Amino acid sequence: MNDSEKALNQLNLIREMMEKATVYRALSAPAAIFGGFLAVLLGLYFLLQDKNGEFVDGAHYFWTWVVALIIADSFNALLLFKRAKREGSKFISSGVKLTILRTAPAAIAGAIISFEAAKNDIELCTLVWILCYGAALLAMGEVAPRSLKRLGWSFIVFGTVFFLIWMKFKAALSPVLGIGYLGSASIMMIATFGILHIGHGIGVLIRKGKN
Amino acid sequence: MIDFDKIDKIIHEKGRLSIMTLLASRGSWNFQDMKDQLKMSDGNLITHLRSLQNAGYLNKKKELKGRKVTNYFLTSSGKKEFNKYLKILEQIVNQKEK
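Residues numbered from 1 in each chain as written. Chains lettered and ligands numbered in written order. Predicted model: local features only at pLDDT ≥ 70, side-chain atom pairs only at ≥ 80, totals over all residues.

### Some remarks on the overall build of chain A
Inference 1: The number of helices and strands found in chain A is eight helices and zero strands.
Inference 2: Going from N to C terminus, chain A has its helices and strands arranged as α-α-α-α-α-α-α-α.
Inference 3: For chain A, contacts bridging at least 24 residues in sequence account for 72% of all contacts bridging at least 6. (Helix = DSSP H or I, 4+ residues; strand = E, 2+ residues; numbered from the N terminus. Contact = placed C-beta atoms within 7 Å.)

### Quick notes on the overall build of chain B
Inference 1: Tallying secondary structure elements over chain B gives five helices and three strands in all.
Inference 2: By the burial criterion, 27% of the 98 residues in chain B qualify as buried.
Inference 3: Look at the contacts in chain B between residues 6 or more apart in sequence, and 53% of them connect residues 24 or more apart. (Buried ≥ 20, exposed ≤ 12 C-beta atoms within 10 Å, placed from the backbone.)

### Overview of the packing of helix 2 (residues 14–25) of chain B against helix 4 (residues 42–54) of chain B
Residue and element names in this part refer to chain B.
Inference 1: Viewed as axis vectors pointing N to C, helix 2 and helix 4 meet at an angle of 70 degrees, and their least axial separation amounts to 10 Å. One way to sum up the angle between helix 2 and helix 4 is to call them roughly perpendicular. For the pair formed by helix 2 and helix 4, the contact residues are G15, R16 and I19 on the first element and N44, H48, L49, S51 and L52 on the second.
Inference 2: Looking at the contact of helix 2 with helix 4, its residues break down into three nonpolar, four polar and one charged. (Axes fitted to C-alpha atoms, helices over the stretch in contact; angles between N-to-C directions. Parallel < 35°, antiparallel > 145°, perpendicular 65-115°, else oblique. Nonpolar A, V, L, I, M, F, W, Y, C, P; charged D, E, K, R; others polar.)

### Details of helix 3 (residues 31–38) of chain B
All names here are of chain B.
Inference 1: Restricting attention to buried positions, one finds in helix 3 the residues D33, M34 and Q37. On an axial view of helix 3, the arc spanned by its buried residues comes to 100 degrees, and they lie on one face.
Inference 2: Within two residues after helix 3, K39 carries a phi angle of roughly 55 degrees, on the positive side. (Arc of directions from axis to C-beta.)

### Considering the environment of B:K60
Residues and elements named next belong to chain B.
Inference 1: Along the polypeptide, K60 turns up in strand 2 (residues 58–65).
Inference 2: Since 13 C-beta atoms lie within 10 Å of it, K60 is described here as partly exposed.
Inference 3: Not counting chain neighbours up to four residues away, the residues in contact with K60 comprise Q53, T70, N71 and Y72.

### Some remarks on the confidence of the model for chain A
Inference 1: Confidence in the prediction of chain A, expressed as mean pLDDT, is 87, and 92% of residues score 70 or more.
Inference 2: When pLDDT is averaged over each element of chain A, helix 5 (residues 122–139) of chain A comes out on top at 95 and helix 7 (residues 174–177) of chain A at the bottom at 68. (pLDDT = per-residue confidence, 0-100.)

### Some points on the interface of chain B and chain A
Inference 1: In this complex, chain B contributes 17 residues to the contact, which on the side of chain A involves 18 residues.
Inference 2: Tallying contributions element by element places helix 2 of chain B first for the side of chain B that touches chain A, with six residues.
Inference 3: The class makeup of the residues in the side of chain B that touches chain A is six nonpolar, five polar and six charged.

### What to know about the environment of B:Y85
Residue and element names in this part refer to chain B.
Inference 1: Tracing the backbone through its elements, the reader meets Y85 in helix 5 (residues 76–97).
Inference 2: Classification of Y85 as partly exposed rests on a count of 19 C-beta atoms within 10 Å.
Inference 3: Here the alpha-carbon distance between Y85 and I7, two residues 78 residues apart in the chain, equals 6.7 Å.
Inference 4: Ignoring sequence-local partners within four residues, the contact set of Y85 consists of I7, D8 and I11.

### Remarks on the nonpolar core
Inference 1: Core analysis: the biggest nonpolar cluster contains 44 residues, and A:I130 and A:L137 have the highest contact counts within it.
Inference 2: At the level of elements, helix 2 (29–51), helix 3 (58–87), helix 5, helix 6 (146–169) and helix 8 (181–210) of chain A are the ones that each hand at least two residues to this core.
Inference 3: Sorting elements by how many residues they give to this core places helix 5 of chain A first, with twelve residues.
Inference 4: Residues within four places of A:L137 in sequence aside, it is in contact with A:A144, A:L148, A:L151, A:G152 and A:F155.
Inference 5: Formed by 17 residues, the second largest nonpolar core is a distinct cluster that contains B:M20, B:L23, B:W29 and B:Y57. (Core = buried A, V, L, I, M, F, W, Y, C linked by C-beta atoms within 7 Å.)

### Description of helix 2 of chain A
Residue and element names in this part refer to chain A.
Inference 1: Between its first and last C-alpha, helix 2 extends 33 Å over 23 residues, near the 33 Å set by a 1.5 Å rise per residue.
Inference 2: Taken as a whole, helix 2 has its buried residues at A29, A31, A32, G35, G36, A39, G43, F46, L47 and D50.
Inference 3: Count one or two residues on from helix 2 and you reach G53, which has phi positive near 75 degrees. (Expected span 1.5 Å × (residues − 1).)

### Re the packing of helix 4 (residues 94–120) of chain A against helix 5 of chain A
Residues and elements named next belong to chain A.
Inference 1: Between helix 4 and helix 5, the shortest axis-to-axis distance is 8 Å and the interhelical angle comes to 180 degrees. Relative to helix 5, helix 4 is oriented roughly antiparallel. For the pair helix 4 and helix 5, contact is made by R102, T103, A106, A107, A109, G110, I113, S114, A117 and A118 and by I122, L124, C125, V128, W129, C132, Y133, A135, A136 and A139, respectively.
Inference 2: Its residues assigned to classes, the contact of helix 4 with helix 5 comprises 16 nonpolar, three polar and one charged.

The structure is reproduced here in structure tokens:
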């Protein structure tokens with residue numbers, strides 16, 4: 001092995017360690033796809049309720065999505081636990097701790113504001129979820145792989161556009177699509193938590209396959 | 001002409017290079033997290049940390065978080081030497097490409 005090859009080996013070791021030290025994939029691709037499908041299904045269920053003219057109050061809407069979040073997060077945690085076991089590393093690693101610490105402010109603010117917003121306006125509640133989720137993903141900073149940062153930006157862009165429409169028309173999509181507030185909120189959830197997550201998961205799996 | 005004789009032998013060793021890289025990537029690391037990340041034994045890790053500390057490349061700070069936690073971080077001299085080491089590696093690789 002010549003000097004150049006030795007130097008490259010050392011640089012590869014440095015790169016590997018830097019990635020290990022900083023990058024933590026907090027959302028596994030299969031969990032993103034699973035969560036995305038769950039969001040699409042639940043969104044379609046609420047959309048159907050809206051089309052049938054059935055009344056769904058804010059608390060029902062809020063807690064149904066919270067249960068979906070718990071299911072999706074539990075599945076994600078199970079996959080992360082399995083990955084940690086396979087790699088012989090700790091489940092509660094420094095990456096997990098850092099991820100929790102960084103995402104906590106946006107997650108806590110989002111939970112409190114959306115809980116209050118849901119009582120009066122489920123569209124506003126949905127907008128808070130979308131924007132705070134995007135902010136939480138971006139708050140992970142260098143800990144997050146690039147794909148998660150892109151997902152965070154997508155949520156911020158979608159959330160901002162929906163929010164501006166909501167500000168202008170006092171409703172997000174209902175006047176544009178001719179549907180009620182519940183239907184409008186459901187479409188926003190399908191487009192963001194549903195389709196963006198599925199796209200993210202498939203994108204990660206494709207890149208993984210190529211590598 | 002740059003060769004490996006010019007390289008800092010303290011940093012160059014694989015275990016110590018990994019420690020330096022961890023500390024350079026993310027401020028400070030406690031002993032346990034570092035041990036989990038590097039998959040080293042206590043004795044091995046302590047020996048490497050001691051060598052780097054004796055060279056003046058890193059320092060430690062003890063904190064009480066329910067139990068005693070020792071945090072390690074790079075000194076300014078450690079950061080400087082690590083950057084110098086990276087530059088030499090880069091030059092060796094570039095030398096070959098030319």
